[in-house]
Structures are given as C-alpha cells and as structure tokens.
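Listed below, chain by chain, are the residues.
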Amino acid sequence: MIVSASRRTDIPAFYSEWLLNRLKAGYVLVPNPRNPLRFSKVALNRSAVDCLVFWTKNPKTMLPKLGKISELGYPFYFQFTLTPYGKEIERNLPPKTELIRTFCSLSQILGPDQVVWRYDPVILSREMPVEYHARCFEQMAAALDGMTHRCIFSFLDFYPKVRGTLQKMGAIEMQKADMYQLAEAFSEIARRHCLQLFTCCEPIDLSQYGINHASCIDAGMIEKILGCPIHVRKDSNQRPGCGCVESVDIGSYDCCPHECRYCYATSSEKNVRRHIADHDPNSPLLFGVLPQGVQISEKDMKSICDGQMCLL
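Rules and cut-offs
Residues numbered from 1 in each chain as written. Predicted model: local features only at pLDDT ≥ 70, side-chain atom pairs only at ≥ 80, totals over all residues. Heavy atoms only, no water. Disulfide = S-S within 2.5 Å. Helix = DSSP H or I, 4+ residues; strand = E, 2+ residues; numbered from the N terminus. Buried < 20%, exposed > 50% of the residue type's maximum accessible area, 1.4 Å probe, protein only. Pairing = 2+ DSSP bridges. Axes fitted to C-alpha atoms, helices over the stretch in contact; angles between N-to-C directions.

J.: Teacher, can you tell me more about the state of the cysteines here?
T.: Here, disulfide denotes a covalent bond that connects the sulfur atoms of two cysteines. Overall, the coordinates contain one disulfide when judged by the stated rule. The residue that forms a disulfide with Cys-228 is Cys-305, at a sulfur-sulfur distance of 2.5 Å. Linking Cys-228 and Cys-305, the disulfide has an S-S dihedral of approximately -125° and is accordingly described as left-handed. Taken together, the positions of Cys-228 in the loop between helix 8 (219-226) and strand 10 (248-249) and Cys-305 in the segment after strand 11 (295-298) put the pair 77 residues apart, joining distant regions of the chain. Each member of the pair, Cys-228 together with Cys-305, is buried. There is no disulfide at Cys-51, and the cysteine sulfur nearest it, in Cys-305, is 10 Å away. A relative accessible area of 0% means that Cys-51 is categorised as buried. Considering cysteine sulfurs only, Cys-256 is the nearest to Cys-255, which forms no disulfide, with 7.4 Å between them.

Structure, rendered in structure tokens:
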C-alpha cells in the first residue's frame, strides 16, 4: 500500500520524530475525520508499505532523518510546496530564500526525480496578477533549475471555510482567460528549465500548452522508484478531478501551525495550538489520547508491488 504523510498536516515539518518512531513501531492509529470515536490501526511495517509520499512546505528538520528512513527500507518521494507569498498569506513559513536552499538540499540527497515542486495554489489578486506569477515562477524555476523535473500547480479553490478570509485579502476567483494566460506563460518558462508541468484537480484542458493533469500520488513515479510494476486503482476518496492512485493517509486535521490563510485543513488556530500541546512523539496517535468508547478497526494493508518482478 502507498502511505500519504500527509494531505491533512505537514508531518515532515513538525512531526518527523513521531513518524520515525511509528515506522520503527510498525503501526499508527489514525482518527476518522468525521467520527472522533472511530480510529484505524494502519500497519506501517515494510511488508505492507510499498512507498511513502510526503507533503510539505518545509522539510528542513526532517533532512537528518531521511537516512534512517532509508535504512529501514522505505522508498519515498516528496511533494514540496513552494509559492511566492509572504507572511501576510503564509504566516509562519521561513523566507523563500531559505526554503529554496532546503529544496535544493533535499534534491541533492534524493535526486531531482524524487522531489516534486508544487506551485500551489495560484492566488490571483489586484496585487498579484498573472504577470506577478509569471515573474515569480521564472525566478523560482531558475533557482530550482536541475533540482526537480516536475512542477504541479493549481488555481485557488474558494472552500466555504476559507472563502471569507480569501475575500478579505482581495483574492479573485480566476476566469478561464486568466488560466490560459498563466498556462502559456508558465509553459514557456518550464521549457527553458526542463520542467514538466501538471495541474492538480483542475477540469480545464491545458494540453495545448503541454500541461497535463497530475497524479500527485503517481503510479508511474512509484513504479520507477520501486523498480517494478504495481497493481493499484484510482483513489475514489478524492475529488472527481484528482488523478491520484489509492493511498492511506496517516495525518490529522487542525495540527499544522504554518497558518496559511488559504488552507482547508485548519478550522481554527485555537484547535491547532491545543493539538500541538497534546502531541507526544512516542504515542501511536499524532495528538491526544484515545477517547472512551473508541472503536478501532484494522486497515487492510497489502503490498501492491508485483513481487515477481520487483527489483528490491
């Protein structure tokens, strides 16, 4: 099985010690996002986990642990979000120059094929028109030249829980004309820096610009990392436009202190602070304790690797 760590919070940035402990223990307890009394016990032993997919905006503290994860035998790759926004939007991220250095350090450790750049989301406003994004994308692509071969971007979604915040900061719902203009500009820049471009969960067809729909949890990438075919289906739990294959997410909502104003995974800063205070790196839970009356079910975790052809 593929393990996602995580769409719900930034495990590499804040919880990498906990993750390493869970890999050594061989399991994790994951709460059901819709039912606080139901948990899944997810096996993390190497025979069940074929690949780990990390999602992060700042994996700097995790870099010293990558060798230990590799020594335990786990293949993995990173989705690294790097955008041009300042602290008025991404409140608790380091300066972009530092994040670019971290990106390059990660790529030098793993190689450019195992680090995917996410320019996600593209936020349009009066202060940040298409021309602003084209200029920033050019600067970042130049700084990351040779450090990655793949870039995924998406247009800002006005989720109900963040719509008011986005409108207050002047974000504009993007029109098709804006999308085409941005895609054309990004495509020309990407060609100069040998980047493949993909969109994440976008229905619009941008193939005329050489931009395809992404599979962020990508069967082809995973097969290349593993050196063998895998047997996996499209993930039916994601949005209709998502091209990702099946995975099991081991994260939890409301525990990421980056405080990005566009984030759908945080309902309140108060919840985040409370959950961080309840985090124990030695616990099978990301935060808190098991409630009374809890129901724990065993997640079906089977290898999807074709064992006869796998080179591992």
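J.: Could you clarify how one ought to interpret the sheet that holds strand 11 in this entry?
T.: Strand order in this open sheet of three strands is 2-3-11, and the pairing throughout is mixed. What marks the edges here is a single partner per strand, and that holds for strand 2 (27-32) and strand 11. For this sheet the average axis-to-axis angle between neighbouring strands, irrespective of direction, equals 30°. Here strand 2 runs beside strand 3 (residues 35-43); their pairing, made up of six bridges, is antiparallel. Within strand 3, the residue paired with Val-30 across the bridge is Ser-40.

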